[in-house]
Amino acid sequence: MIVNGTKYVYKVEIDTMDDVKKLVAISSPLKGKITLQSGNKFAVNAKSLLGVILAKKLNWDDLRLVMDNDYYNEFERFIKE
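All of the points below concern the structure found in this document. (Residues numbered from 1 in each chain as written. Predicted model: local features only at pLDDT ≥ 70, side-chain atom pairs only at ≥ 80, totals over all residues. Heavy atoms only, no water.)

## Quick look at the packing of aromatic side chains
In this description, a pair of aromatic rings is defined by centroid distance and the angle of the planes. Tallied over the full model, the rule gives 1 aromatic pair. Relative to Tyr-72, the ring of Tyr-10 has its centre 5.4 Å away and its plane inclined at 55 degrees; by these criteria the two rings are tilted. Taken together, the positions of Tyr-10 in strand S2 (residues 7-11) and Tyr-72 in helix H3 (residues 72-75) put the pair 62 residues apart, joining distant regions of the chain. (Phe/Tyr/Trp six-rings, centres within 6.5 Å; stacked < 30°, edge-to-face > 60°. Helix = DSSP H or I, 4+ residues; strand = E, 2+ residues; numbered from the N terminus.)

Given below as structure tokens:
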């Protein structure tokens, strides 16, 4: 985990389309902003199915989950330390 100011940042892996659906299903009801970022170049809303599919299809390197609140337990299956 990297705490960047008031954000929580975790390196994640999304391997399958089932992972994409699960990540969005987990993200959607949570409070605060949750994004998937690739380095400092690209970011998409992790609550958006199309955004997460885009991240998966484009094979972004260094994929990180950036959150306003610490939801480590909810996303533990995707987090790679």
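Additional details are given in the paragraphs that follow.
## Topic: the side chain of Ser-27
Relative to the elements of secondary structure, Ser-27 occurs in helix H1 (residues 17-27). With sequence-adjacent residues up to four places away left out, Ser-27 is seen in contact with Ile-34, Ala-46, Lys-47 and Phe-75. (Contact = heavy atoms within 4.5 Å.)

## What to know about the nonpolar core
Residues Leu-23, Ile-34, Leu-36, Leu-65 and Phe-75 are the most contacted members of the largest nonpolar core, which totals 21 residues. At the level of elements, H1, strand S3 (34-38), helix H2 (49-57) and strand S5 (63-67) are the ones that each hand at least two residues to this core. Considering each element in turn, this core owes the most residues, 4 residues, to H1. Leaving out residues up to four positions away in the same chain, Leu-65 has contacts with Tyr-8, Val-9, Tyr-10, Val-12, Ile-34, Thr-35, Leu-36, Ala-46 and Phe-75. (Core = buried A, V, L, I, M, F, W, Y, C linked by side-chain atoms within 4.5 Å. Buried < 20%, exposed > 50% of the residue type's maximum accessible area, 1.4 Å probe, protein only.)

## A closer look at the pattern of salt bridges
Evaluation of the coordinates by the stated rule reveals 3 salt bridges. Where Asp-68 meets Lys-7, a salt bridge forms, and the shortest distance between an N and an O atom there is 2.4 Å. Note that Asp-68 is positioned in the loop between S5 and H3 and Lys-7 in strand S2, a separation of 61 residues in sequence. The closest approach of N and O atoms between Arg-64 and Asp-62, which form a salt bridge, is 3.0 Å. Judged by its relative accessible area of 23%, Arg-64 falls in the partly exposed class. With relative accessibility at 34%, the residue Asp-62 sits in the partly exposed group. (Salt bridge = Lys/Arg side-chain N within 4 Å of Asp/Glu carboxyl O.)

## A look at the environment of Leu-54
Relative to the helices and strands, Leu-54 is located in helix H2. As for Leu-54 and Pro-29, which are separated by 25 residues in sequence, their C-alpha atoms are 21 Å apart.

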